[in-house]
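Fold and geometry: a report
This is what each chain is made of:
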Amino acid sequence: MGKLRDKFKQLRQKNQKAFIPYVTFGFPTLELSKDILFTLQAAGADIIEIGMPFSDPIADGPTIQAASRIALNQGANLELLFDFLENYKKYFTIPLIIMSYYNPIYAWGIKRFFQRAKKAGLGGIIVPDLLPEEGKEFIDMARRTDVDTVFFISPNTEERRFKIIDNASRGFIYYVSVYGVTGMRRSFDKDILLRGSFIKSRIKNPLCIGFGISKSSQVKKFKQIFDGVIVGSALINEINKIYHHKNFKGKLASFVRCLNK
Amino acid sequence: MKGKIYFGNFGGMFVPETLLRPLQELEEAFFRCWNDKNFRQKLRQLLINYAGRPTPLYYAQNLSRKLNLRIYLKREDLLHTGAHKINNALAQALLAVSMKKKRVIAETGAGQHGVATATACALLGLKCVVYMGRVDVERQANNVKRMRLLGAKIKVVESGSQVLKDAVNEALRDWVANFHHTYYLLGSTVGPFPYPLMVRNFQSVIGEEAKKQIIKSESRLPDILIACVGGGSNSLGLFHPFFRYKSVKFIGVEAAGEGLNARHAASLLKGKTGILHGAKSYLLQDRQGQVKEVYSLAPGLDYPAVGPEHAWYKSIGRAEYVAVTDQEAIDAVEMLSRLEGIIPALESAHALAYLRKLKFRKKPLIILCLSGRGDKDLDLIEKFKH
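If you're wondering where the values come from, they're calculated on a predicted model, not measured in any experiment. (Residues numbered from 1 in each chain as written. Chains lettered and ligands numbered in written order. Predicted model: local features only at pLDDT ≥ 70, side-chain atom pairs only at ≥ 80, totals over all residues. Heavy atoms only, no water.)

**Topic: the confidence of the model for chain B**
Short version of the rule: Per residue, pLDDT captures the predictor's confidence, and it can take any value from 0 to 100.
Averaged over all residues, the pLDDT of chain B equals 96, while 99% of them reach at least 70. For this predicted complex, the interface score ipTM comes out at 0.97, alongside a pTM of 0.96.

Right, dumping it as structure tokens:
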């Protein structure tokens, strides 16, 4: 399992952009989660964002809320997620990153979380309800254990905070494409590419875009400017449709290849 | 981030990046209005002429005799809409107007904050949307009808455990998408900064009045202040103006539901430090940091966390926190109804129930916050008994 920083260095050398699928750990079942992650890797994912389900996901729309609820009912928790990562890390050639709300990490203890993350070879961590200003201890521990940290820039983030966010981030910065929660959108702000290139001129980290992206045309368009594209809800909707199918893995792989063609 | 956003180690702003600017704008608007004579005067006039302030500080003679205490009731139940929630709703709705927001959203559990918000919005010509969990919609059906009559749109929350915390989740999700034209009127001393501070300040009118009233009638400060604690707004409203008087003891009463070893909502007594709805505070959670589904018959107390200022009070020993069960609260509803002819809300009845457990050699002078009236709970109580 690689580091985020190394991954983006490689991609830059090849003049490529990252395709980053998001899936919820434990959805639709713990066993299928494993199949899904390996299928995503085989189908060309450059990085995989694994969502740690939480009881109160305030940044997520209906799709990821429902997936989280199902995953929690399956017994998904951080302990099991780290067990999984540790057991299978030698089979992953791409970085895996965890997206978790802050409370499960806080409940574990920040130090314990990062020690375990290091042991599991975790590529990076994203916390949607943690601002860099609230994350001093979190960032310190991440640096000490050499786990990459991804923070966010929103359409309404003030320019004077770009530097704070850039300094707190390592690996990439997550650009939130829209106001609102995760979930598929019909359209995006027409100035979004301009905004992307403006932000990129002000930061040193790569900038990836997520929230609401569901079509290959959107992936292609955003790759013109952004260093990576994150697709979550659309993928989870598709998994929900096809997971009981005999050829689930094949269907999933072709869906992902189509998105990223 | 400027200013002090913590109460000791509690509070803060644990929110998605997109909400930082709206919260900072809210903070700026709040301090501007709080320090603006015109705004304060407008609010005072509304509280007096519209909401019915000041509320009486009533010496409950029969109750005092029965329990061998000296008990004053701060009658927030007599306010327009029937609970202390209107103090905060009117103030924040005025703030929304000053921020030029046209649409107001709110969460509600018992429905009291929803009704207060719908009322303030009707008065000030604001569009109002109230999020309410499916379970609460069913158990507080009357308040749903009131809100609809007042012109509010009710969004029934089907996600999660379908109670107050889920209504807050949905309101936050709405706000992050619509903050440009929408004001989030949070009903308790919870959530990210500046809400806990702002709601406490707007509710402090309870304690400010009570302080003047008790000095007028008894020529001294009280020995004990007692109030129920869900999120914490009526209790902090009463306690805060007495904070610097160390001789005044604070008692916060949480919901023990079916008992502290069964289903309950006693965050301060049984919770651990955690993060929910943007604030670090005490939180009922499992060992993996998932928020527990909590329970109280009183919908307004059915919340897994608590205001960060209470968490701080607990950590510095400024307040004592206790809990009473559903059954004890219902007994207290009956006790006050029979003895004083006042039907209290189930929430407030938690504070009343604890009076029975107080043991003192000398009769202490007590102020209890009777935060709301009990009409809304009659069906609930009847059902509980059968």
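So much for the structure itself; the text now carries on.
**Description of unusual backbone geometry**
Basically, it comes down to this: Secondary structure counts use DSSP, requiring at least four H or I residues in a row for a helix and at least two E residues in a row for a strand, with both numbered from the N terminus.
Here Phe27 of chain A and Pro28 of chain A are connected by a cis peptide whose omega angle stands at -5 degrees. Inspection of the secondary structure assignment puts Pro28 of chain A in the loop between strand E1 (18–24) and helix H2 (30–42). Omega for the peptide link from Phe193 of chain B to Pro194 of chain B comes to 10 degrees, which places this bond in the cis form. Tracing the backbone shows Pro194 of chain B in the loop between strand E8 (182–184) and helix H9 (195–203). With a phi angle near 60 degrees, Gln162 of chain B is a residue other than glycine that sits in the positive phi range. When you line up the elements, Gln162 of chain B lands in the loop between strand E7 (153–157) and helix H8 (164–178).

**Overview of the packing of helix H11 (residues 233–242) of chain A against helix H12 (residues 248–259) of chain A**
Residue and element names in this part refer to chain A. Put simply, the test is: Fitted lines through C-alpha atoms give the axes, limited to the stretch in contact for helices. The angle between two N-to-C directions lies from 0 to 180 degrees. In these notes the angle categories are as follows: under 35 degrees is roughly parallel, over 145 is roughly antiparallel, 65 to 115 is roughly perpendicular, and the rest is oblique. Crossings are sorted by hand: turned counterclockwise from the far helix by less than a right angle, the near helix makes the crossing left-handed, and turned clockwise it makes it right-handed. Residue contacts are counted whenever heavy atoms from the two residues lie within 4.5 Å of one another. Gly is put with the polar residues, along with every residue not named as nonpolar or charged; the nonpolar set is Ala, Val, Leu, Ile, Met, Phe, Trp, Tyr, Cys and Pro, and the charged set is Asp, Glu, Lys and Arg.
Their axes nearest at 10 Å, the elements H11 and H12 cross at an angle of 155 degrees. Classed by the angle they form, the pair H11 and H12 counts as roughly antiparallel. Seen from above, H11 lies across H12 with right-handed handedness. Contacts between H11 and H12 pair Ala234, Leu235, Glu238, Ile239 and Ile242 from the former with Phe248, Lys251, Leu252, Phe255 and Val256 from the latter. Partitioning the contact of H11 with H12 into residue classes produces eight nonpolar, no polar and two charged.

**Thoughts on the side chain of Asp227 of chain A**
All names here are of chain A. Stated precisely, the cut-off is as follows: Whenever two N or O atoms come within 3.5 Å, that pair is a polar contact, provided that in protein one can donate a hydrogen and the other can accept it, and provided that, for residues adjacent in sequence, both atoms are side-chain atoms.
Among the structural elements, Asp227 can be located in the loop between helix H10 (216–223) and strand E9 (228–231). At 3.1 Å, the side chain of Asp227 and the side chain of Lys200 are in polar contact. Those residues in contact with Asp227, other than ones at most four positions away along the chain, are Phe8, Lys17, Ala18, Lys200, Pro206, Leu207 and Cys208.

**Things to note about the pattern of salt bridges**
Inclusion rule: Between Lys or Arg on one side and Asp or Glu on the other, a salt bridge is scored when a side-chain nitrogen of the former is within 4 Å of a carboxyl oxygen of the latter. A 1.4 Å probe rolled over the protein chains alone gives each residue an accessible area, and that area as a share of the maximum for its type sets the label: buried under 20%, exposed over 50%, partly exposed in between.
The full count for this structure, using the stated rule, is 40 salt bridges over all chains. Between Glu159 of chain A and Arg202 of chain A there is a salt bridge, and its shortest N-O distance comes to 2.9 Å. Of this pair, Glu159 of chain A sits in the loop between strand E6 (152–153) and helix H8 (162–168) while Arg202 of chain A sits in the loop between helix H9 (192–200) and strand E8 (207–210); the two residues are 43 residues apart in sequence, bridging distant segments of the chain. Judged by relative accessible area, Glu159 of chain A falls into the partly exposed class, the value being 43%. Residue Arg202 of chain A is classed as partly exposed on the basis of its relative accessible area of 43%. Measuring nitrogen to oxygen at the nearest pair gives 2.7 Å for the salt bridge that ties Glu320 of chain B to Lys249 of chain B. Highlighted residues: Glu320 of chain B in strand E13 (residues 319–325) and Lys249 of chain B in strand E10 (residues 249–257), separated in sequence by 71 residues.

**Here we look at the nonpolar core**
As a reminder of what qualifies: The criterion is simple. A nonpolar core is a set of buried Ala, Val, Leu, Ile, Met, Phe, Trp, Tyr and Cys residues joined through side-chain atoms within 4.5 Å.
Among the nonpolar cores identified, the biggest contains 168 residues, and Leu85, Phe138 and Phe172 of chain A are the most heavily contacted of them. With eight residues, the top contributor of residues to this core is helix H4 (residues 85–98) of chain B. Within the second largest apolar cluster, 41 residues are counted, among which are Ala60, Leu73, Cys228 and Ile366 of chain B.

**Considerations on the interface of chain B and chain A**
Going by this rule: What gets called buried area is simply the loss in accessible area from a 1.4 Å probe that two parts show on being joined, summed for both.
Taken together, the contact between chain B and chain A spans 41 residues of the former and 40 residues of the latter. It is Glu17, Arg173 and Gln288 of chain B in chain B that bury the most area against chain A; as a group they hold 24% of the surface buried on that side. Linking chain B with chain A are four salt bridges. Among the ionic pairs, Arg161 of chain A bridges to Glu17 of chain B, the shortest N-O distance being 2.4 Å.

**Describing the sheet that holds strand E14 (residues 365–370) of chain B**
Residue and element names in this part refer to chain B. Note the cut-off: Following DSSP output, two strands are said to pair if at least two bridges run between them.
Spatial strand order, E3-E4-E14-E9-E10-E13: six strands in an open sheet with mixed pairing. Two strands close off the open sheet at either side, each with one partner strand: strand E3 (57–59) and E13. Going from strand to strand, the sheet's axes swing by 25 degrees on average, the running direction of each strand aside. With three bridges joining them, strand E9 (residues 224–228) and E14 adopt parallel strand pairing. From the neighbouring strand, Ile224 faces E14, where its bridge partner is Ile366. On the sheet, helix H10 (residues 205–218) packs against E3, strand E4 (70–75) and E14 and is oriented at approximately 140 degrees with respect to E4. Where helix H15 (residues 346–355) meets the sheet, it contacts E4, E9, E10, E13 and E14, and its direction lies at approximately 140 degrees from that of E9.

**Observations concerning helix H14 (residues 326–340) of chain B**
Residue and element names in this part refer to chain B. In plain terms, the rule: Take the number of residues in a helix, subtract one, and multiply by 1.5 Å to get its expected span.
Between its first and last C-alpha, H14 extends 21 Å over 15 residues, near the 21 Å set by a 1.5 Å rise per residue. When we look at burial in H14, the residues that qualify are Asp326, Ala329, Ile330, Ala332, Val333, Met335, Leu336 and Glu340. Taken from the residues just after H14, Gly341 is the one with a positive phi, measuring 70 degrees.

**Details of the sheet that holds E7 of chain B**
All names here are of chain B. The four strands lie next to each other as E7-E6-E5-E8, forming an open sheet whose pairing is parallel. Edge positions in the open sheet fall to E7 and E8, since each of these has one partner strand only. Ignoring which end each strand starts from, the neighbouring axes of this sheet average 25 degrees apart. Here six bridges tie strand E5 (residues 103–108) to strand E6 (residues 127–133), and the two strands are oriented parallel to one another. Looking at E6, one finds that Thr108 is bridged to Met132.

**Considerations on the packing of aromatic side chains**
To describe a pair of aromatic rings, you give the distance between the ring centres and the angle between the ring planes. The line we're drawing: The pairing test for Phe, Tyr and Trp rings, Trp by its six-membered ring, is centres within 6.5 Å, and the orientation test on the planes gives stacked under 30 degrees, edge-to-face over 60, and tilted for anything in between. Lysine and arginine charges are scored as sitting over a ring when NZ or CZ, respectively, is within 6 Å of the ring centre and within 35 degrees of the ring normal.
Throughout the structure, instances matching the rule amount to 38 aromatic pairs over all chains. Both rings, one in Phe38 of chain A and one in Tyr91 of chain A, keep their centres 6.5 Å apart while their planes meet at 75 degrees; by these two values the pair is edge-to-face. Taken together, the positions of Phe38 of chain A in helix H2 and Tyr91 of chain A in the loop between helix H4 (78–88) and strand E3 (96–99) put the pair 53 residues apart, joining distant regions of the chain. Judged by its relative accessible area of 23%, Phe38 of chain A is partly exposed. Taken together, the ring pairs connect Phe82, Tyr102, Tyr106, Trp108, Phe113, Phe114, Phe138 and Phe151 of chain A together with Phe14 of chain B into an aromatic cluster. The side chain of Arg318 of chain B reaches across the aromatic face of Phe250 of chain B, ending 3.9 Å from its centre.

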